[in-house]
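Each chain, written out:
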Amino acid sequence: MAVRQRRQRRGPGGGRALLAALLLLLLCVWCRAAGERLRYAIPEELGRGSLVGPLARDLGLSADELPARKLRLSEEKQYFTVNEENGNLYVNERLDREEMCGESATCSISFEVLVHNPLNIFHVEVDIKDMNDNSPTFSKSSLDLEIGEWTVPGTHFPLEMAHDADVGSNSLLTYQLTSDPSFSLTMKNSPEGSKPELVLERALDREKQSSFELVLTAVDGGDPVRSGTVQIWVNVTDANDNPPVFAQDRYRVSLREDTPPGSAVLNLSASDADAGTNARITYGFGKMPIKALQKFTFNAESGSIILQEALDFEDTRTFSLPVEAKDGGGLMAHSMVEVVVLDVNDNPPEITILSLSSPVPEDAPEGTVVALLKVRDRDFGENGQVSCSLSGEAPLSIVASSGGSYKVVTSGALDREQASEQRVTVVARDRGRPALWSSRELVLEVSDVNDNAPVFEEAAYSAYVAENNAAGALVLRVQARDADAGANGRVSYWLAGGSAGAAGAAPLVSVEARSGALYAQRSLDYEQCREFTVAVRAQDGGSPARSSTATVRVFVLDRNDNAPRVLWPAAAAAGEGPGGAAAAPFEVVPRSAEAGYLVAKVVAVDADAGRNAWLSYELVQASEPALFRVGLHSGEVRTARAVGERDAAKQRLVAVVKDHGQPALSATATLHVVLAESLQEALPELSERPAGAEAAAAAAAELQFYLVLALALLSALLVLSVALAVLARLRRAGPPAVLRCLGAQRFSLAGAAFPADFCEGTLPYSYNLCVPPPARALPEAAWPPPPPVPILSAEELLGGDSCDKPSLSSDLVVGEPPANPDAPQVCKA
């Protein structure tokens, strides 16, 4: 086989070749294979930018969808490219089939096409059709043959085969030999193909012609045809009638790809029946590719083939080594050595990430494709069979696809709040012995979805605020946390309602949307609203928004801002009565009252609560301080001692009511007490109260005491004077008959009672005198009959005004002798 040489100039058939290439390009076909596979066929040697096929259209994509679907190729070496506007597949660089696939009968390039939104993968295979772009070549420009003149006609001499880098019909060679009567050309069939052999047609005579010059032409089967030539120099020598002979026509040897360089591959041996120099054999390679010459070397003397470079099964699986044995007389023998490379598991699997969808929303459904992988092992057989798995606790799984591709899909629910990113390791392991493996880590970010509502630190809050607070005072700060991120986790606060009795919660507090601080909208009053509740809603910024509610219970703390209020005795009415005095309440206490007598009870209330509403009572002012006392906690006004005759009839008491707040607040209650046995007796005292007595009562209390005392003494003197005058008159009139009034039923029935219409005065008393009727005439009586004595009131005796009462004359009784002297004496008033 000859080293390939590329023609620099095209012959007359070059135009037809170009036309055929264009025609093949326009007629390239495609079809969708199993597993979403597209197939195209193009000729080799197409220029950059040549159309391969309408890829987007064959995938069912319109031009409008291309920007969103992001059509791209995943091949490692970019032989092709996709136009982003129309989706057509174009050649990206010149394709040489012989360089890419060598002598393989078929040549194709496989790659994956990725389509996003949704993510999918398609397999594309482009067949590279061979063009007749290589001419047959010989390894040498000339061949030297030595043929003895004794060689009989009909002897065959093997010639070197030409090599054509093309395949198929383009590599089918035919041979032609220049016309010469002494030689002819014949073909010998072999596994490698038809081999040309030179046939001696007639005996040679060195003396007539010592050499011959022949031209061997190799023509391929392409269209247009290509050819190559080699010159054959035939030297006529003396007789060497036995060529070397190999033990086998074909040798086959197997080598592991990990065979170290320098190892012996095969020891060849050929025999020659001649003797002397004609039997001395040297060995060498025939026409071989450069790659084979780099791998192997030949010991020309011993016939040993030596490995000089490491083998690679993934690069070349077999080598065909043509060998030659040449004797000293120039005769040659040919054989073929086939070296088969055995695979060794020396390549770990290769993991390529074709696409990674990151971030992925946390609400992605189960089975969502998040990554596309391609795993390839360059080894063969079980060594190249790969299984993939995932290691890690992420809710992901791996699913095998066609063409060595794998999909990483979600196998469960994702939760960004538990793990904001998912890390998983893809492990690819082959089935070789020992097994090789490789790994690749995938980092998948999880994007947030608003799936968490704000959560308050407490379900119910309690706040305490003293009343009379300033408007805008901070009441409480609530806080809710949202496990989401970004706008989904940004919390705002709102009032969602509440109740505070009649006051209503809405105007009482407000909440700051960002901080959750509750502020009092106005001053709170414990007496109007002691507690209220308000619902605070926390809402995030997601769409749709999520919210939660917490209850805030606000307790208003009491302050001592209310003084006690006296309910009894009630304050004087605003209006005044006809007499010009305020209608103040009074109590009547009999003069016979003993110590501890309940006079009245001061009733007071305080609108505050707690200690601020605890009341104590104290007597701060009284006409007779020692006469009355008040209960410290009950407010009961009682006599501290028995009421005496010398005590003033009218008493004014002032009690103070204090609470226990800080500072303490107080109120006063004024109580008027009249010392009298009954209400009728007390009425004159009440009528003597001058206008404005409330204001002057305290100042006149002492003066009243002395006036009462003076009047009492004056009354006593008047009574004594009247009694003395009466006695003196009776004494002048006769013996004292007054003693007769002391008998049974002889007493006055008139008492000290109030008249129906009493007179105003300090002491409204009436005095009646009882005198007996004239005595019976007794013989022994020495006293003359006394004159009739009238019964007079004290006012008449004193010459006072009778207050428009009936005349005293109507009350005069004249004594007459009784019809029955033994009847009891009756006094009329």
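Given the structure is predicted, the values throughout are model-derived calculations rather than measurements. (Residues numbered from 1 in each chain as written. Predicted model: local features only at pLDDT ≥ 70, side-chain atom pairs only at ≥ 80, totals over all residues. Heavy atoms only, no water.)

**Regarding the overall build of the protein**
So, point 1. The helix and strand tally for the protein stands at 8 helices and 50 strands.
So, point 2. Taking all 829 residues of the protein together, the buried fraction comes to 39%.
So, point 3. Once local pairs closer than 6 in sequence are excluded, the contacts in the protein between residues at least 24 apart make up 68%.
So, point 4. By element, 53% of the accessible surface of the protein is carried by carbon and sulfur atoms, the whole surface being about 44,400 Å². (Helix = DSSP H or I, 4+ residues; strand = E, 2+ residues; numbered from the N terminus. Buried < 20%, exposed > 50% of the residue type's maximum accessible area, 1.4 Å probe, protein only. Contact = heavy atoms within 4.5 Å. Areas by Shrake-Rupley, 256 points an atom, 1.4 Å probe, with all protein chains shown as cover.)

**Re the side chain of Asp180**
So, point 1. Relative to the helices and strands, Asp180 is located in the loop between strand S11 (174-177) and strand S12 (183-188).
So, point 2. The side chain of Asp180 sits in the buried core without any salt bridge; Arg202 is the nearest counter-charge, 5.7 Å away. (Lys, Arg positive; Asp, Glu negative; His and termini not counted. Salt bridge = Lys/Arg side-chain N within 4 Å of Asp/Glu carboxyl O.)

**Describing the sheet that holds strand S13 (residues 195-200)**
So, point 1. Across the sheet, 3 strands lie side by side as S10-S13-S12; this open sheet has antiparallel pairing. Of all the strands in the sheet, just strand S10 (156-158) and S12 have a single pairing partner and so form its edges. Neighbouring strand axes in the sheet, compared pairwise and without regard to direction, differ in orientation by 35° on average.
So, point 2. Summarising the sheet, S12 and S13 pair through 6 bridges and their orientation is antiparallel. Paired with Lys188 across the bridge in S13 is Lys195. (Pairing = 2+ DSSP bridges. Axes fitted to C-alpha atoms, helices over the stretch in contact; angles between N-to-C directions.)

**Details of the sheet that holds strand S14 (residues 211-219)**
So, point 1. The sheet built from 4 strands is open, its strands ordered S9-S15-S14-S11 with mixed pairing. Each having just a single partner strand, strand S9 (142-148) and S11 make up the two edges of the open sheet. Pairwise comparison of adjacent strand axes, ignoring direction, gives a mean angle of 25° for this sheet.

**With respect to the packing of aromatic side chains**
The way to describe two aromatic rings as a pair is by their centre distance and the angle between their planes.
So, point 1. Enumeration according to the criterion identifies 10 aromatic pairs in this entry.
So, point 2. Centroid distance Tyr464 to Phe555: 5.2 Å. Interplanar angle 15°. Geometry classified as stacked. Placement of Tyr464 in strand S34 (residues 460-466) and of Phe555 in strand S41 (residues 547-557) is noted, with a sequence separation of 91 residues between them.
So, point 3. Phe555 sits in the buried class, given a relative accessible area of 18%. (Phe/Tyr/Trp six-rings, centres within 6.5 Å; stacked < 30°, edge-to-face > 60°.)

**Considering the side chain of Ser50**
So, point 1. Positionally, Ser50 belongs in the loop between strand S2 (37-43) and strand S3 (51-53).
So, point 2. You can call Ser50 buried: its relative accessible area is 16%.
So, point 3. Residues contacting Ser50, with those up to four places away along its chain left out, are Leu89, Tyr90 and Val91.

**Topic: the state of the cysteines**
So, point 1. Inspection of the entire model under this criterion finds 1 disulfide.
So, point 2. Paired by a disulfide, Cys101 and Cys107 hold their sulfur atoms 1.8 Å apart. On the sign convention where negative means left-handed, the S-S torsion of about 60° between Cys101 and Cys107 marks this disulfide as right-handed.
So, point 3. The exposure class of Cys107 is buried, given its relative accessible area of 4%. (Disulfide = S-S within 2.5 Å.)

**Here we look at the environment of Glu421**
So, point 1. Note on placement: Glu421 falls in strand S31 (residues 421-430).
So, point 2. Given a relative accessible area of 32%, Glu421 falls into the partly exposed group.
So, point 3. With 61 residues separating them along the chain, Glu421 and Val360 place their C-alpha atoms 9.5 Å apart.
So, point 4. Setting aside residues up to four positions removed in sequence, Glu421 forms contacts with Val443, Leu444, Glu445 and Val446.
So, point 5. Side chain to side chain, Glu421 and Arg423 meet in a polar contact 2.9 Å long. (Polar contact = N/O pair within 3.5 Å; in protein donor to acceptor, adjacent residues only side chain to side chain.)

**A word on unusual backbone geometry**
So, point 1. Note that the residue after Ser543, namely Pro544, is joined by a cis bond; omega there is 0°.
So, point 2. Mapped onto the secondary structure, Pro544 falls in the loop between strand S40 (531-540) and S41.
So, point 3. Omega for the bond connecting Trp568 with Pro569 falls within 30 degrees of zero, at 0°, which places this linkage in the cis form.
So, point 4. With respect to the secondary-structure elements, Pro569 resides in the loop between strand S42 (565-568) and strand S43 (586-589).
So, point 5. Phi is positive for Lys70, close to 55°, though the residue is something other than glycine.
So, point 6. Structurally, the position occupied by Lys70 is in the loop between helix H3 (66-69) and strand S4 (72-73).
So, point 7. Of note, the phi angle at Asn468 is positive, near 65°, even though the residue is not glycine.

**A short note on the confidence of the model for the protein**
So, point 1. For the protein, the mean per-residue pLDDT works out to 78, and 78% of the residues sit at or above 70.
So, point 2. By mean pLDDT, strand S1 (residues 30-33) is the weakest element of the protein at 35, and strand S33 (residues 455-456) is the strongest at 94.
So, point 3. For the stretch residues 741-829, pLDDT sits under 50, and the model shows 88 contacts to residues farther than four places along the chain or on other chains. (pLDDT = per-residue confidence, 0-100.)

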